[in-house]
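# Descriptive structure summary
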Amino acid sequence: AQSVTQPDIHITVSEGASLELRCNYSYGATPYLFWYVQSPGQGLQLLLKYFSGDTLVQGIKGFEAEFKRSQSSFNLRKPSVHWSDAAEYFCAVGALSSNTGKLIFGQGTTLQVKP
Amino acid sequence: DGGITQSPKYLFRKEGQNVTLSCEQNLNHDAMYWYRQDPGQGLRLIYYSQIVNDFQKGDIAEGYSVSREKKESFPLTVTSAQKNPTAFYLCASSPFGEGNDEQYFGPGTRLTVT
């Protein structure tokens, strides 16, 4: 069955420190991969996406993610975290073979930023 | 500005009442989706629609109903059959309803049923 796992439910980092949020997927077909961010009580905003080509993708707000097929991972990184990055982050996977546009979301990782 | 609107932001209902959540988009997207979000459970798909007058059940459709009479509108009705309706509901749309589509989200409606 298709699934997305975000192993870390909650992460706390200090402002200015680096960040890595983990995402692992289980999908038989060629995946399309997304990272979304959600501020409290708000909708989701797309940070970045991977479809093909360069496995290191750049997104908005200084985020990047690296697709590693051998590890079935798509981890999100940021070199220096700002207090405004505190939010919930969701990894999602879609499928090349899908004709529905359905995405499968991970359970989310809540990021807390310490001053 | 193009986007997705959901109204109201907060909704309160008594148990046993049906309630309809509004979702409108002016992005000219073909596909629309309804998700339910509960703490620690991520987003779960309720219903989706790829074209007007057609929709499919998602993973947790029981107790919910939808309609898609217009391209820009995809209202969700939470019926009295839904056992635990209190949740945050998110509507989304995507251009073509294909596997590589980015989904655009509305601001959500928080429903509380007492």
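Here, the structure is the one placed above.
Below is a short write-up of the structure. (Residues numbered from 1 in each chain as written. Chains lettered and ligands numbered in written order. Predicted model: local features only at pLDDT ≥ 70, side-chain atom pairs only at ≥ 80, totals over all residues. Heavy atoms only, no water.)

For chain B, the helix and strand inventory stands at 0 helices and 11 strands. Of the regular secondary structure in chain B, the N- to C-terminal order runs β-β-β-β-β-β-β-β-β-β-β. Radius of gyration (C-alpha) of chain B: 13 Å, near the 13 Å computed for a compact globule of 114 residues. A principal-axis box enclosing the C-alpha atoms of chain B has dimensions of 35 × 30 × 30 Å. (Helix = DSSP H or I, 4+ residues; strand = E, 2+ residues; numbered from the N terminus. Rg over C-alpha atoms; globule rule 2.2 N^0.38 Å.)

Turning to the packing of aromatic side chains, a few remarks are in order. Residue and element names in this part refer to chain A. In this structure the tally under the stated criterion is 16 aromatic pairs over all chains. Residues Tyr36 and Phe105 carry aromatic rings whose centres are separated by 5.9 Å and whose planes lie at 50° to one another, so their mutual orientation is tilted. Taken as a pair, Tyr36 in strand β5 (residues 31-38) and Phe105 in strand β11 (residues 104-105) lie far apart in primary sequence, 69 residues in all. You can call Tyr36 buried: its relative accessible area is 0%. Overall, Phe105 belongs to the buried group, its relative accessible area being 9%. (Phe/Tyr/Trp six-rings, centres within 6.5 Å; stacked < 30°, edge-to-face > 60°. Buried < 20%, exposed > 50% of the residue type's maximum accessible area, 1.4 Å probe, protein only.)

Quick look at the interface of chain B and chain A now. With 23 residues of chain B in contact, the opposing surface of chain A contributes 24 residues. The junction of chain B with chain A conceals about 1,800 Å² of combined surface from both sides, 53% of it contributed by carbon and sulfur atoms. Applying the counting criterion to the chain B and chain A interface returns 1 salt bridge. Put simply, Glu102 of chain B and Lys49 of chain A hold a salt bridge, and the shortest N to O gap is 3.5 Å. The interface formed by chain B and chain A includes 3 residue pairs in polar contact (both at pLDDT 80 or more). Mapped by element, the contributors of at least two residues to the side of chain B that touches chain A are β4 (31-37), β5 (43-51) and β9 (87-94) of chain B. When residues of the side of chain B that touches chain A are assigned to their parent elements, the largest contribution, 4 residues, is made by β5 of chain B. (Contact = heavy atoms within 4.5 Å. Buried area = accessible area lost by both parts, 1.4 Å probe. Salt bridge = Lys/Arg side-chain N within 4 Å of Asp/Glu carboxyl O. Polar contact = N/O pair within 3.5 Å; in protein donor to acceptor, adjacent residues only side chain to side chain.)

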